[in-house]
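Below are the chains, spelled out letter by letter.
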Amino acid sequence: MSSYFNEEIETMTRDELDALVDARIKYTVKYAFDNSPFYRKWFKENDINASDIKSHEDLRELPIITGKTIREKQPPETEEFEFRCDGSEIYTIHETSGTSGTPKAFFLTWDDWNRYAEKYARSFTSQGFGKGDCVVVCASYGMNVGANTMTLAAQKIGMTIIPEGKCTFPVRIIKNFEPTGIVGSIFKFLHLAKRMESEGLPPQESSIKRLVAGGESFAEESRRYLEEIWGVPVYNTYGSTEGTMCGECSKKVGLHVPEDIVHLDIYNPQFEDFVNEGECGRIVLTTLIPEGEKTGTLLLNYDTEDTTTVVSREKCLCGRTHMRIINPQRETETVWVAGNPFNKVDIERGVFQRDNMDYLTGEYEAFLYGDEMETALRVSMECEDPENCDKDMIEDNFIKSFLEFKPHLQQVHCDGNFKILFNFTGPKGLEFYKIRGRPKRLVDRR
Ligand SMILES: [Zn+2]
């Protein structure tokens, strides 16, 4: 089994890789000027020459594009889709789900599809998948690019795909076809494990050798718990319609960014400059086009609204030289209390403390109430059996781990101005069960 999908690119030296990135930035910016109505106008209005953008540092001269910018530059706001490139044959058209307003349109060429698939092919291979593997894809098909590009990636590797689209498929699928992997999300894997157990096929005794998790950020504790109940490694991935796709390799020391096709800069909160190496900041994405290839939608400096930290740009234990980042977190899932931020993932860490999981299902939701002076965080957790649940222990574990690396918040908590309250429910007792769509696990009700 070969351990690389594209060895030459994946193991380039840092200098070669940086030179390739700069060359592609130059080509991509020229492509934007030649083909994108938005950028053509922008360069003209700002009196900047596309040829002045020569390296990734120069990208700071270009505007930061947000989801809002895309919506403002497409019908009905404008006559045409200004981010759609002229002169490229569009193969598919996509829209985002529109959870935060009007759906954003994306246009993909066949080159785009192959580039997206290459990212997944590299990621799968780095996780030990190869020819002869069979993978159930539980990410949804349809307008979502991810599931479809994974399927195309499988063809390039020689893998079999079972395109279920959801994790509610019958256990028969695993019994009959003996897949070696599943692509899904942490909570889907939890539910599936329970269902398999109750139908007489314990996950540990199944054919599954690896799980690939994506779609949302999660705590290391929930990954560890899943690995325990499935008895296999769980690998993390991070992807979006806008073109990011990073995956953990089998060493699990950060997510590799395919730097030759996806350029990530990490900005400070004011978007004035890049953060120092090793500091947390906002992920700003630039799609890179290899010379001669075409693209349908071109985004330079796209603000993903996610945050991360670079782990390393040094060669990984797996031999890959492409940089590694920590599991990105969504800025929209971060709240501030008394000047201190915390994320949904911090709540999840508290819930998934190992001893808690002897009583809990893992499902939870948290709400913030109060005002400037006094804030209360109310955490609801679902129990298998609320009557026989060691609530004191769970509460202690939660508070200890939640406040562990947050000295300021700990102080506010001690002073009594930040209360943490708990609520335990039986199965299906959480509020989010009554609302359609993906559960919101941390809701600010202040
Ligand atoms: Zn690696």
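Let me sum up the structure you'll find in this document. (Residues numbered from 1 in each chain as written. Predicted model: local features only at pLDDT ≥ 70, side-chain atom pairs only at ≥ 80, totals over all residues. Heavy atoms only, no water.)

1. Observations concerning the coordination of the zinc ion
When four donors bind a metal tetrahedrally, each ideal donor-metal-donor angle is 109.5 degrees, and when six bind octahedrally, the ideal angles are 90 or 180 degrees.
And step 1. Coordination sphere of the zinc ion, protein contribution only: Cys249 (SG), His256 (NE2), Cys316 (SG) and Cys318 (SG), at 2.2 to 2.3 Å.
And step 2. Classification of the site at the zinc ion as tetrahedral follows from its 4 donor atoms and the range of 102 to 116° in their angles at the metal.
And step 3. On the primary sequence, the residues serving as donors to the zinc ion are separated as C-x6-H-x59-C-x1-C. In this pair, cysteine 249 sits in the loop between strand S8 (245-248) and strand S9 (255-256) while cysteine 316 sits in the loop between strand S13 (310-312) and strand S14 (324-325), placing the two residues 67 residues apart along the sequence. Pair check on accessibility: cysteine 249 and cysteine 316 agree, each one buried. (Donors = N, O, S within 2.8 Å, 3.2 Å for Na, K, Ca; no water. Tetrahedral: all angles 85-135°; square planar, octahedral: opposite > 155°, others 65-115°. Helix = DSSP H or I, 4+ residues; strand = E, 2+ residues; numbered from the N terminus. Buried < 20%, exposed > 50% of the residue type's maximum accessible area, 1.4 Å probe, protein only.)

2. So, the pairing of strand S10 (residues 262-267)
And step 1. The buried count for S10 comes to 6 of 6 residues, which makes it a mostly enclosed element.
And step 2. Alternating positions in S10 separate into two faces, Val262, Leu264 and Ile266 on one and His263, Asp265 and Tyr267 on the other, with burial throughout.
And step 3. Note: S10 against strand S11 (residues 281-287), 6 bridges, orientation antiparallel. Counted as the bridge partner of valine 262 is threonine 287 from S11. (Pairing = 2+ DSSP bridges.)

3. Details of the environment of alanine 376
And step 1. Along the polypeptide, alanine 376 turns up in strand S19 (residues 375-383).
And step 2. You can call alanine 376 buried: its relative accessible area is 16%.
And step 3. Discounting chain neighbours no more than four positions away, the residues touching alanine 376 are Phe367, Leu368, Tyr369, Lys419 and Leu421. (Contact = heavy atoms within 4.5 Å.)

4. Let's talk about the pairing of strand S1 (residues 92-95)
And step 1. Going residue by residue along S1, you find Thr92 and His94 tucked away on one face and Ile93 and Glu95 left uncovered on the opposite face.
And step 2. Here S1 pairs with strand S2 (residues 105-108) via 4 bridges, running antiparallel. Counterpart to threonine 92 in the pairing with S2 is leucine 108.

5. Notes on the packing of aromatic side chains
And step 1. Enumeration over the complete set of coordinates arrives at 23 aromatic pairs.
And step 2. Ring geometry for phenylalanine 38 versus phenylalanine 83: centroids 4.4 Å apart, planes at 25°, classification stacked. Of this pair, phenylalanine 38 sits in helix H3 (residues 37-46) while phenylalanine 83 is found in the loop between helix H4 (67-72) and S1, placing the two residues 45 residues apart along the sequence. Take phenylalanine 38 and phenylalanine 83: they sit in the same class, and that class is buried.
And step 3. Residues phenylalanine 342 and phenylalanine 418 carry aromatic rings whose centres are separated by 6.2 Å and whose planes lie at 45° to one another, so their mutual orientation is tilted. (Phe/Tyr/Trp six-rings, centres within 6.5 Å; stacked < 30°, edge-to-face > 60°.)

6. A closer look at the sheet that holds strand S4 (residues 160-162)
And step 1. The 9 strands lie next to each other as S4-S3-S5-S6-S7-S8-S9-S14-S13, forming an open sheet whose pairing is mixed. The sheet terminates laterally at S4 and S13, the two strands that pair on one side only.
And step 2. Where strand S3 (residues 134-137) lies against S4, 3 bridges are found, and the strand directions are parallel. Bridge pairing in S4 places valine 135 opposite isoleucine 161.
And step 3. Seen against the sheet, helix H5 (residues 110-126) touches strand S5 (181-184), strand S6 (210-213), strand S7 (234-239) and S8 and runs at an angle of roughly 5° to S8. (Axes fitted to C-alpha atoms, helices over the stretch in contact; angles between N-to-C directions.)

7. Here's the deal with the sheet that holds strand S21 (residues 442-444)
And step 1. A sheet is described by the order of its strands in space; here 4 strands give the open sequence S20-S19-S18-S21, paired in mixed fashion. Every interior strand has two partners, whereas the edge strands, strand S20 (418-425) and S21, have only one. Across the sheet, the axes of successive neighbouring strands diverge by a mean angle of 15°, strand direction being ignored.
And step 2. Sheet topology places strand S18 (residues 360-370) next to S21; 3 bridges connect them, and they run parallel. Counterpart to phenylalanine 367 in the pairing with S21 is valine 443.
And step 3. Sheet contacts for helix H10 (residues 344-351): S18, S19 and S21; angle to S18, the most-contacted strand, approximately 130°.

8. Some remarks on the nonpolar core
And step 1. By size, the foremost hydrophobic cluster in this structure holds 60 residues, and its most contacted members are Val29, Tyr39, Leu62, Ile65, Phe124, Leu264 and Ile325.
And step 2. The dominant element in this core, judged by the number of residues it contributes, is helix H6 (residues 145-157), at 7 residues.
And step 3. When residues no more than four places from it in sequence are discounted, the contact partners of leucine 62 are Val29, Trp42, Phe43, Ile53, Leu300 and Asn301.
And step 4. Core analysis: the second largest hydrophobic core is formed by 54 residues, Val232, Ile347, Leu360 and Leu368 among them. (Core = buried A, V, L, I, M, F, W, Y, C linked by side-chain atoms within 4.5 Å.)

9. Focus: the packing of helix H8 (residues 186-198) against helix H9 (residues 220-230)
And step 1. Across the interface, H8 lies against H9 with an axial gap of 11 Å and an inter-helix angle of 25°. Accordingly, the angle class assigned to the pair H8 and H9 is roughly parallel. The element H8 and its partner H9 pack so that their crossing is left-handed. Side by side, H8 and H9 meet where Ile186, Phe189, Leu190, Leu192, Ala193 and Met196 of the first sit next to Ser222, Arg223, Tyr225, Leu226, Ile229 and Trp230 of the second.
And step 2. In the contact of H8 with H9, the residues fall into 10 nonpolar, 1 polar and 1 charged. (Parallel < 35°, antiparallel > 145°, perpendicular 65-115°, else oblique. Left-handed = near helix turned anticlockwise from the far one by under 90°. Nonpolar A, V, L, I, M, F, W, Y, C, P; charged D, E, K, R; others polar.)

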